[in-house]
Amino acid sequence: MTVTTAPTKTPPAARVVDAVKVYGSGDTGVRALDGVSVDFPAGRFTAIMGPSGSGKSTLMHCAAGLDTLTEGASYIGDTDLGSLDDRRLTLLRRDRVGFVFQAFNLVPTLTVEENIRLPLDLAGGRGDPEWIDALIDVVGLRDRLRHRPAELSGGQQQRVAVARAFAGRPDVVFADEPTGNLDSRSGGEVLGLLGRTVRRTARTVVMVTHDPVAAAHADEVVFLADGRLVDRMENPTADRVLDRMKAFELPSQTDVPSRAETPSRTEVPS
Ligand SMILES: Nc1ncnc2c1ncn2[C@@H]1O[C@H](COP(=O)(O)OP(=O)(O)OP(=O)(O)O)[C@@H](O)[C@H]1O
């Protein structure tokens, strides 16, 4: 099954074209991406789903310029990442891309406000004070600005990380399992926050997740299997996403069940 560009008029904030990623070489080489073409439309929240080992993180890392493709091309806006030397790539990641990781990655010695402003400070600018001010309200941390990360709950820390990711008004924010370290309530808050930020500020989020409940917060889900893009789903619900994931498992019942099956099993009608 070939699935390519989404039927949307919105120009992509990021995209990969005929992306191939091979780790290693020869008999031991792993083809983690096997000819993936996918757009991540601007102003939308897209989730990348698929069984364990299907290439989700590899796709995100190559789309974000954290790793390089073996063949094909990845773009942020109109910029071909393959055309950039290391220095320009570093600048692009700093100025045009935001990241949210599972492990929060806040600087423990800095306050909440300093953590949020860190990308701007590193870039040597003050950013847009009104934008930062609005962000602080969107993430609901105004009364915590002078606290340090250790004084916050996990969910609050991830909200700081979300604000930091958006601080420089990046073209696209990539989130890698952003709720992996959170309980379901805090995780739900962070996902709601990502969705609200996209809708209120017309920003773009691309999120890797193995959790159908998390994916249901996105506007659209793209599905990977064995390094290929196999489906896309608009306006997902957790049940529809889980059903789609189960379909991946059917041809190979003898396989070890993927992590994607486990988290929300109880939430799905039998
Ligand atoms: N640095 C690496 N060296 C060798 N093989 C790798 C490397 N990174 C990933 N792979 C392999 O590439 C394939 C895709 O991995 P990837 O981490 O992108 O999948 P994933 O869908 O994100 O998996 P998970 O849900 O388990 O995190 C897997 O077979 C994996 O073992």
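Under an unreviewed UniProt entry, the chain has the name ABC transporter ATP-binding protein and belongs to Streptomyces pseudovenezuelae.

This part covers the overall build of the chain. If you tally the helices and strands in the chain, you get eight helices and 10 strands. Residues counted as buried form 41% of the 270 residues belonging to the chain. By sequence separation, contacts in the chain at least 24 residues apart represent 71% of the contacts at least 6 residues apart.

Looking now at the sheet that holds strand 2 (residues 30-41). Read from one edge to the other, the open sheet built from four strands follows the order 2-1-4-5, with strand pairing classed as antiparallel. Each edge of the open sheet is held by one strand with a lone partner, namely strand 2 and strand 5 (79-80). Sheet topology places strand 1 (residues 12-23) next to strand 2; nine bridges connect them, and they run antiparallel. Paired with Arg15 across the bridge in strand 2 is Asp39. Across the sheet, helix 1 (residues 56-63) is in contact with strand 1, strand 2 and strand 4 (71-76); its angle to strand 1 comes to roughly 120°.

A word on the packing of helix 4 (residues 129-139) against helix 5 (residues 154-166). Close contact between helix 4 and helix 5 brings their axes to 10 Å; oriented N to C, the two are set at 155°. The orientation of helix 4 with respect to helix 5, classified from their angle, is roughly antiparallel. Where helix 4 crosses over helix 5, the handedness of that crossing is right-handed. Contacts from Leu135, Ile136 and Val139 in helix 4 reach Arg159, Val162, Ala163 and Phe166 in helix 5. A class-by-class count of the residues in the contact of helix 4 with helix 5 yields six nonpolar, no polar and one charged.

For the rest of this paragraph, the subject is the site of the ligand. The local shell around the ligand holds 13 residues, among which Tyr23, Ala32, Ser52, Ser57 and Thr58 are the closest. At the level of elements, strand 2 and helix 1 are the ones that each hand at least two residues to the shell around the ligand. The leading source of residues in the shell around the ligand is helix 1, at three residues. When the residues that make up the shell around the ligand are grouped by side-chain class, the tally is three nonpolar, nine polar and one charged.

Counting residues in hydrophobic clusters, the biggest one holds 69 residues, and the most contacted among them are Ile48, Val162, Ala163, Leu194 and Val206. Top element by residues in this core is helix 5. It accounts for six residues. Every residue in contact with Val206, bar those within four places of it in the chain, is listed here: Ala14, Phe40, Thr46, Ile48, Met60, Ala63, Val172 and Phe174.

This part takes up the pairing of strand 7 (residues 172-176). The element strand 7 is extensively covered by neighbouring structure, given that five of its five residues are classed as buried. Burial along strand 7 is two-sided: Val172, Phe174 and Asp176 facing one way and Val173 and Ala175 facing the other are all buried. Pairing of strand 6 (residues 97-101) with strand 7 involves five bridges; the strand directions are parallel. Residue pairing in the sheet places Phe101 in a bridge with Asp176 of strand 7. Across four bridges, strand 7 lies against strand 8 (residues 205-208) in parallel orientation. Paired with Val173 across the strands is Val205, a residue of strand 8. Between strand 7 and its parallel partner strand 8, the chain crosses via helix 6 (residues 184-201), and the hand of that crossover is right-handed.

The next point concerns helix 1. The buried count for helix 1 comes to six of eight residues, which makes it a mostly enclosed element. Downstream of helix 1 by a residue or two, Gly65 has a phi angle that is positive, lying close to 80°.

To continue, consider unusual backbone geometry. With phi around 60°, Asn105 is a residue other than glycine that occupies positive phi space. Looking at the element boundaries, Asn105 is found in the loop between strand 6 and helix 3 (112-122). We note that Asn235 has phi near 45°; this positive angle belongs to a residue other than glycine. Among the structural elements, Asn235 can be located in the loop between strand 10 (228-234) and helix 8 (238-249).

To continue, consider helix 3. Among the residues of helix 3, Val112, Asn115, Ile116 and Pro119 are the ones counted as buried. Each buried residue of helix 3 sits inside an arc of 105° when the element is viewed along its axis, so together they form one side. Here the buried face of helix 3 lies against helix 2 (86-96), helix 4 and helix 5. Taken from the residues just after helix 3, Gly124 is the one with a positive phi, measuring 80°.

All right, on to the packing of helix 5 against helix 6 then. Relative to each other, helix 5 and helix 6 sit at 20°, their axes nearing to 9 Å. With respect to helix 6, the axis of helix 5 lies roughly parallel. Crossing of helix 5 against helix 6: the hand is right-handed. Here helix 5 contributes Gly154, Gly155, Gln158, Arg159, Val162 and Phe166 to the contact with helix 6, which in turn contributes Ser186, Glu189, Val190, Leu193, Leu194 and Thr197.

Conventions adopted
Residues numbered from 1 in each chain as written. Predicted model: local features only at pLDDT ≥ 70, side-chain atom pairs only at ≥ 80, totals over all residues. Helix = DSSP H or I, 4+ residues; strand = E, 2+ residues; numbered from the N terminus. Buried ≥ 20, exposed ≤ 12 C-beta atoms within 10 Å, placed from the backbone. Contact = placed C-beta atoms within 7 Å. Pairing = 2+ DSSP bridges. Axes fitted to C-alpha atoms, helices over the stretch in contact; angles between N-to-C directions. Parallel < 35°, antiparallel > 145°, perpendicular 65-115°, else oblique. Left-handed = near helix turned anticlockwise from the far one by under 90°. Nonpolar A, V, L, I, M, F, W, Y, C, P; charged D, E, K, R; others polar. Near = placed C-beta within 6 Å. Core = buried A, V, L, I, M, F, W, Y, C linked by C-beta atoms within 7 Å. Right-handed = clockwise from strand over helix to strand, strands pointing away. Arc of directions from axis to C-beta.

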